[in-house]
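Working through the structure, step by step
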Amino acid sequence: MHANRALVTDAEKQRLTNFNNWHAKGLNFLREALDADEGCADVQQKREIIKLYEKAIVAFESGLRSVPKAVPAGSKVEVQSRMQVMQKHLDGSRDRIAKLRKDLIQSSTDEIVRNLQNSKPRSVSEASTSAKKTGVAALFATKEEQEILGCIVGSTNIGLDDVLGNDAAKLALEESVILPAVNPSLFTGLRTPTKGILLFGPPGNGKTMLAKAVANEAGCTFFNISAATIMSKWVGQGEKMMRELFRVARAKQPSIIFIDEVDSMLCTRTDDEGAGASRRVITEFLLQFDGVTSDVSDRVLVLGATNRPFDLDDGVLRRFPRRIFIDLPDARAREHLILHNFKNTNTRHQISSMQLKEAARFTQGYSYSDLTALCREAAMVPLRGISRTKLRSATARDIRPVQYEDLVKAMDIIKPSTTPTNLYKLHAFAKDFAQV
Ligand SMILES: Nc1ncnc2c1ncn2[C@@H]1O[C@H](COP(=O)(O)OP(=O)(O)OP(=O)(O)O)[C@@H](O)[C@H]1O
Ligand SMILES: [Mg+2]
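Residues numbered from 1 in each chain as written. Chains lettered and ligands numbered in written order. Predicted model: local features only at pLDDT ≥ 70, side-chain atom pairs only at ≥ 80, totals over all residues. Heavy atoms only, no water.

1. Regarding helix α1 (residues 10–37)
Spelled out, the test is: Strands are runs of DSSP state E lasting at least 2 residues, helices are runs of H or I lasting at least 4, and numbering of each runs from the N terminus. Under the convention used throughout, the expected extent of a helix is 1.5 Å for every residue step, that is, one less than its residue count. Three exposure classes are used, based on accessible area relative to the maximum for each residue type with a 1.4 Å probe and protein chains only: buried under 20%, partly exposed in between, and exposed over 50%.
Along its 28 residues, α1 runs 40 Å from first to last C-alpha, staying within 8% of the 40 Å computed at 1.5 Å per residue. Of the residues making up α1, those classed as buried are Glu12, Leu16, Phe19, His23, Gly26, Leu27, Leu30, Ala33 and Asp37. Among the residues trailing α1, Gly39 stands out with phi positive, at a value near 65 degrees.

2. Here we look at the site of ligand 1
In plain terms, the rule: Note on terminology: near, applied to a residue and a molecule or strand, indicates that one of the residue's heavy atoms is within 4 Å of it. Whenever a nitrogen or oxygen atom comes within 3.5 Å of another N or O atom, the pair is scored as a polar contact, on the condition that within protein one atom can donate a hydrogen and the other can accept it, and that pairs from neighbouring residues in sequence are kept only if both atoms are in side chains. Method for areas: the Shrake-Rupley scheme with a 1.4 Å probe, in which residue coverage is limited to the protein chains shown.
Ligand 1 sits among 14 residues. The nearest are Leu164, Gly204, Lys207, Thr208 and Asn307. Note that an oxygen atom of ligand 1 is positioned 2.7 Å from one of the side-chain N or O atoms of Asn307. For ligand 1, the accessible surface in isolation is 630 Å², of which the surrounding protein chains cover 71%. Put simply, the parts of the chain that give the shell around ligand 1 at least two residues each are α7 (207–218) and α14 (368–384). Counting residues per element, the shell around ligand 1 draws most heavily on α7, at three residues.

3. Quick word on the pairing of strand β4 (residues 255–260)
Counted only if it meets this: Pairing between two strands is assigned when DSSP locates at least 2 bridges connecting them.
Within β4, six of the six residues are buried, which leaves it mostly tucked inside the rest of the structure. Across the two faces of β4 the burial is the same, with Ser255, Ile257 and Ile259 and Ile256, Phe258 and Asp260 all buried. Pairing of strand β3 (residues 221–226) with β4, which is carried by six bridges, proceeds in the parallel orientation. Directly across from Phe223, in β4, lies its bridge partner Ile257. Bridging between β4 and strand β5 (residues 300–306) involves five bridges; their strand directions are parallel. The residue bridging Ile256 from the neighbouring strand is Leu301, located in β5.

4. Notes on a negative patch on the surface
Using the following cut-off: Patch rule: a residue counts if its relative accessible area is over 30% and it has no salt bridge; like charges are joined within 9 Å, and nonpolar side chains (Val, Leu, Ile, Met, Phe, Trp, Tyr) within 5 Å. Between Lys or Arg on one side and Asp or Glu on the other, a salt bridge is scored when a side-chain nitrogen of the former is within 4 Å of a carboxyl oxygen of the latter. Charged residues are defined narrowly, with Lys and Arg counted positive, Asp and Glu counted negative, and His plus the chain ends left uncounted. Positions of charges follow a simple convention, taking NZ of Lys, CZ of Arg, CG of Asp or CD of Glu.
The grouping of Asp91, Asp95, Asp161 and Asp162 at the surface amounts to a negative patch. As for its position among the elements, Asp162 is in the loop between β1 (152–153) and α6 (167–182).

5. A word on the sheet that holds β4
In plain terms, the rule: What makes two residues a contact is simply this: any of their non-hydrogen atoms within 4.5 Å. Fitted lines through C-alpha atoms give the axes, limited to the stretch in contact for helices. The angle between two N-to-C directions lies from 0 to 180 degrees.
On the basis of which strands lie adjacent, the open sheet formed by six strands has the order β1-β3-β4-β5-β2-β6 and mixed pairing. Each edge of the open sheet is held by one strand with a lone partner, namely β1 and β6 (322–325). Seen against the sheet, α7 touches β2 (196–200), β3, β4 and β5 and runs at an angle of roughly 170 degrees to β4. Docked against the sheet, helix α17 (residues 420–433) engages β2 and β6, running at close to 140 degrees with respect to β6.

6. A word on unusual backbone geometry
Notably, Glu261 is not glycine yet its phi reads approximately 50 degrees, a positive angle. Secondary-structure assignment places Glu261 in the loop between β4 and α10 (272–294). Overall, the relative accessible area of 34% leaves Glu261 in the partly exposed class. The backbone phi angle of Asn346 is positive, close to 55 degrees, even though this residue is not glycine. Examined against the element boundaries, Asn346 turns out to sit in the loop between α12 (331–344) and β7 (349–350). Its relative accessible area of 70% is what places Asn346 among the exposed residues.

7. Re the layout of surface pockets
Spelled out, the test is: Only protein atoms enter the 1 Å grid used here, on which a cavity is any set of points holding a 1.4 Å probe that cannot leave and a pocket is any open set flanked by protein within 12 Å on both sides along at least five of seven lines; residues with an atom within 4 Å of a point are listed as lining. Grid points are joined across faces, edges and corners, and a volume is the space filled by probe spheres set on the points. By the convention adopted, Pro, Cys, Tyr, Trp, Phe, Met, Ile, Leu, Val and Ala count as nonpolar, Lys, Arg, Asp and Glu as charged, and the other residues, Gly among them, as polar.
Considered as a void within the structure, the largest pocket measures approximately 910 Å³ in volume. Along the walls of the largest pocket sit 28 residues, with Glu61, Arg94, Leu160, Glu174 and Glu217 positioned nearest its centre. The set of elements that each furnish at least two residues to the lining of the largest pocket consists of α2 (43–65), α3 (76–119), α6 and α7. Top element by residues in the lining of the largest pocket is α6. It accounts for seven residues. Its residues assigned to classes, the lining of the largest pocket comprises ten nonpolar, four polar and 14 charged.

Scope: geometric values only; no functional claims are made or implied.
What follows is the structure, encoded as structure tokens:
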């Protein structure tokens, strides 16, 4: 930040005004949120409180984005202290929202349990059978209901910040899922969010992780179903399950139906009967999907993930107008992840920043999960020089720190899991059909 008065242009003065306004707005929302939050147990009120925290976050984020590059000398200290305050409140508000959402998702799951239980009067014999079972699942009369309940993920404990890299994807998801969920009044008309989003890219780069993080941050009821489950477990009663799934999702909106491995929806069965059944499930899925898409007021989002988007048939692809490419990490992200893996697990290492850069260069083509596997393997190398008897009583302190050479050795064992051909196909698909 330059203190020189001569450098403070009108544009910078405007930025300073905006910065101060966002700071004040953020504090106002935060005050309101804190007042309402004190001792609040009401579910509806908690949703409102989350919105207030969200508004404070939006204001603080906007403030931090409009920090002026040059300010009059007298305002420099104040700007810096406001930046610190905003960052502190930003972190505090995010933590609080995560906690509130966890509570909400829990109570929303409890409510579904109660609703479904009340809406289905059961016969005496059914009731007595279920009475013998224990736990939540026992409250459900039909298998379908139990299955649907099994698809609801309470809280995933994964935040967007846990997913490293993928900044463009995070931004897109924030804009099209999280913000509309927390502030629906703003996202109407032309800004109505998309109902179908497809995450695609090579395996092990955080597609599933991102979906779970979104669920956590958006505070929606999150149905996690894998296409393989639909095809295998639900065959025979699949269409019914599909209808039930969308019915519950609508009743519990805002909700997200996450379908992992969408490509396996296309798996064709060898026997005719099976093929017909899975085709009917897909047709029902597409029908239901169109149902939620055509009703503007429905707040049900279908989030798909696949690593073979080019295998999707046009019908399925058309339902996901927004397609986001989750690519392999670039060199900087690889460097960051390697370091993160050691730091996060408190594993001692002696790898200089030059060596880290070198390792990042050598690991081109590795996915996030390949890199995690690589770090695990490298961490095992120092143990291999120690005798079995010693290992029985050794503590972490007795083991030498992991070195660059260990990473290199591990590279012989852990190789990239994505083939160049597959990567080429994914890039070609991304270029033609998606947001990169
Ligand atoms: N961006 C990331 N940041 C941190 N860890 C990651 C990231 N991507 C992947 N990982 C690690 O790899 C594991 C697998 O990631 P995930 O299941 O999200 O991959 P995916 O893209 O869904 O793969 P697939 O296509 O095989 O389903 C995660 O549990 C996590 O440990
Ligand atoms: Mg996955």
